[in-house]
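Report on the structure
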Amino acid sequence: MREIFNLNTKWAFTKDANEIPQTMPEKWYWVTLPHSWNEIDGQDGGTDYYRGTCYYAKEVKKIDLPENAKYYLEIRGANSSADVYVNGKKLAHHDGGYSTWRVDMTEELKEDNLIVIAVDNSANDIVYPQNADFTFYGGLYRDINIIAVPESHFDLEYYGGPGIKVTPEINGNDANVEVEVYLTNAKDSQTLGFTVKDQEGNVIATGGQKASETKANFTISNVHLWHGRKDPYLYSVEVVLKDGDTEMDAVCTRFGCRTFEIDPDKGFILNGESYPLRGVSRHQDRWGYGNALLPEHHEEDMDLICEVGATTIRLAHYQHDQYFYDLCDERGMVIWAEIPYISTHMPTGRENTISQMKELIVQNYNHPSIVVWGLSNEITMTGSSTDDLRENHNILNDLAHEMDPTRLTTMAVVTMCDIDDPYVQIPDTVSYNHYFGWYGGDTSMNGPWFDNFHKTYPNIPIGCSEYGCEALNWHTSDPKQGDYTEEYQAYYHEELIKQLFTRPYIWATHVWNMFDFGADARNEGGENGQNHKGLVTFDRKYKKDSFYAYKAWLSDEPFVHICGKRYVDRVEETTKVTVYSNQPEVELFVNGESLGKQSSPEHFFYFDVPNAGESVLKAVAGECADESFIRKVDTFNEAYRLVEKGAVLNWFDITEIDGYYSLNDEIGEVIKAPEGMKLFQSLMGGMEGPISMAMDDPENLSKLMQMMGSFTVLRMLNTMGAMSDGLTKEQLLGLNAQLNQIKKVD
């Protein structure tokens, strides 16, 4: 029978080897898997994390392994390319850092063995991803096993899959279930035995047949449907390969029975019922670990996602751990699974997109939680689609339908991509990544944009695959776009919730992001190396106020939450206090005195609170209560104000003259004045890429202004500076002096 021998402990590791060792190295240091070599330098900013080839070595004695005929090395995640050597001989190469793959090493095993895995996360033009807003952590960051099996066994080399494929089809009150297995070296004398069990462990169907017949069909009468978070009911099937009475090998998988459709007017429909998909996106990393997560990390992430009330997760931007997909099945999450075909189309990377899509589908086919396969993300970041890009997408779209006719395809499209671009119409459904109200535009633009798409293409289901804004421990009573305060993030999500959740035709919404995540190239917000758009901090220790805005709309668990707990010192005589609750009515007390009760169908409650001395606030909603504390101060607490690390100028350092422009004015206002437009064109025309090209094209310039018009000039320049050398303090002050001479236009 199959036996699995875990190899996670006592690997020797180095960044400094020049060749594959023939004996166990003495000067490498010991690590335990899962492991990433970028768990620190991939999260501290500077775009300088180590990208190259590192080496892992482990001694294995054959006497310690289970006795069997065949031995496969199973690698569940090596980012992003890897070579396997056994006793100095190269056995395999694999491109793609997020999937499982296996290597037959039977012929090379001796009594004493040295396994070496060379893992490479360096830049290239073949393996995705290469250009994206997250850290490409290198390492053996998931489990490594040896799987010992007899000569005849369930296939272990077919795109890293489980060797079993289950396809339920609902027929009235019943489900017809097809089970297909993949075998290696099966013999005519061998047989297959099938056992289907319900979630309680009761046997509901059995069967047996020759091993040459690799498909079997069963009927589950009065089937218990998998119904998302309401009822994530799972069945299981075990298939045993026998030779006479001897059991040779066995595989088992869980599956769920459900129907779904995505209607361009009604949104997502599960088992014939409307089931709005309102949820989050997730990256697979955390502070101090990189992407080398343990089971308890995955469980904590799932607990937090369930607490916020989400019904869906977009697992961005690559294949996630099987353990997490299992959790999605168990908890009833509806899943978007995708490959890392992202940002920049590489004509030399087509083969890799195909192999990663095959692995994604084969390895995850049995998960009832998955409903769509994602083809790409923001792939037209650098411009419009090309013939080669569209051909690549058509190949992936056809491949997904051929390998899995039971699911739909989708993709995430960047805002700047025209809705009439032909590549937008390739998949079955489409979603857009919009940041109106953060990177440009304002929050009010989101809903109307979707209305326009829905009107223009009424037969294409449209969703919102990314939206969000960054927040750290900065605070203000006057939140503004781009200030990185927790208060602006809360305001932003209040507005987006009201616009997106009230449009039933939007088939899915996914907040970017559930958790802050590592992005070593980022240099903003005062804490470099991270994207801070999460509803929860990178270490999972703090739920930002916006977390509770979603909980108020999505969760049935009664609660009340006072916002601004980290914003204690306040200068104003009367301060605004926001309360979130999913209860119909909230009463707020200040030092025991009631300010009255409020009701709100939007779950957001706003109180004007007298601010004198020290005040204890208590919000009561039904049986729920929450407390916070504020204090009156005479001057603003500068600890609440962002001062950019590495920035040469902050907004409060800038000279402003009444009636004239400055770096603190929005671009959209500056260009209303002819002199302002001329100065802006002169400034931007010298920059490379899409921005400079837009200067000569009125249509492109209009789109650019729509996106960036609400940026202040300083924020735009600081954002550009994070991607280049930027301007010096003297240059910025000189530009401000020029703006100080241009009269504002009413």
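Residues numbered from 1 in each chain as written. Predicted model: local features only at pLDDT ≥ 70, side-chain atom pairs only at ≥ 80, totals over all residues. Heavy atoms only, no water.

**Looking at the sheet that holds strand β42 (residues 604–610)**
Filter applied, for reference: Here, strands pair whenever DSSP counts at least two bridges between them. Only DSSP runs of H or I with at least four residues qualify as helices, and only runs of E with at least two residues qualify as strands; both kinds are numbered from the N terminus onward. Simply put, an axis is a line fit to the C-alpha atoms, just over the touching stretch for a helix, and the angle between two N-to-C directions goes from 0 to 180 degrees. Contact criterion: two residues are considered in contact whenever any of their non-hydrogen atoms come within 4.5 Å of each other.
The strand order across the open sheet built from three strands is β37-β39-β42, with neighbouring strands paired in antiparallel fashion. Unpaired on one side and paired on the other, β37 (560–562) and β42 mark the two borders of the sheet. On average, each strand axis in the sheet is inclined to that of its neighbour by 25°, with strand direction left out of account. Packing against the sheet, helix α6 (residues 486–500) makes contact with β39 (574–581) and β42, and its axis sits at approximately 145° to β42. Across the sheet, helix α7 (residues 545–554) lies against β37, β39 and β42, angled at about 45° from β39, the strand it touches most.

**What about the side chain of H320?**
The condition is simple: The term polar contact refers here to a pair of N or O atoms within 3.5 Å; inside protein, the definition further demands a hydrogen-donor-capable atom paired with an acceptor-capable atom, and it admits residues adjacent in sequence only when both atoms are side-chain atoms.
Looking at where H320 falls in the secondary structure, it is placed in the loop between β28 (312–315) and α2 (322–331). Here A316 takes part through its backbone oxygen, which lies 2.8 Å from a polar atom of the side chain of H320. Contacts of H320, omitting those with residues within four sequence positions, involve R142, R282, H283, Q284, L315 and Y325.

**Some remarks on the sheet that holds strand β26 (residues 273–274)**
Reading across the sheet, the three strands line up as β24-β25-β26 and stay open at both edges, with antiparallel pairing between neighbours. Looking along the sheet, the strands with just one partner apiece sit at the ends: β24 (260–263) and β26.

**So, the confidence of the model for the chain**
To be explicit about the condition: The quantity called pLDDT is the predictor's confidence in a given residue, expressed from 0 to 100.
Scored by pLDDT, the chain comes out at a mean of 93, with 94% of its residues at no less than 70. Predicted confidence for residues 688–696 stays below pLDDT 50, and this span has 16 contacts to residues more than four positions away or in other chains.

**Description of the pairing of strand β8 (residues 89–95)**
Looking at chain direction, strand β7 (residues 81–86) and β8 are connected through six bridges and run antiparallel. Looking at the pairing, A82 lines up with H94 of β8. The antiparallel pairing of β7 with β8 creates a hairpin that spans two residues between the two strands, and N87 there sits at a positive phi of about 55°.

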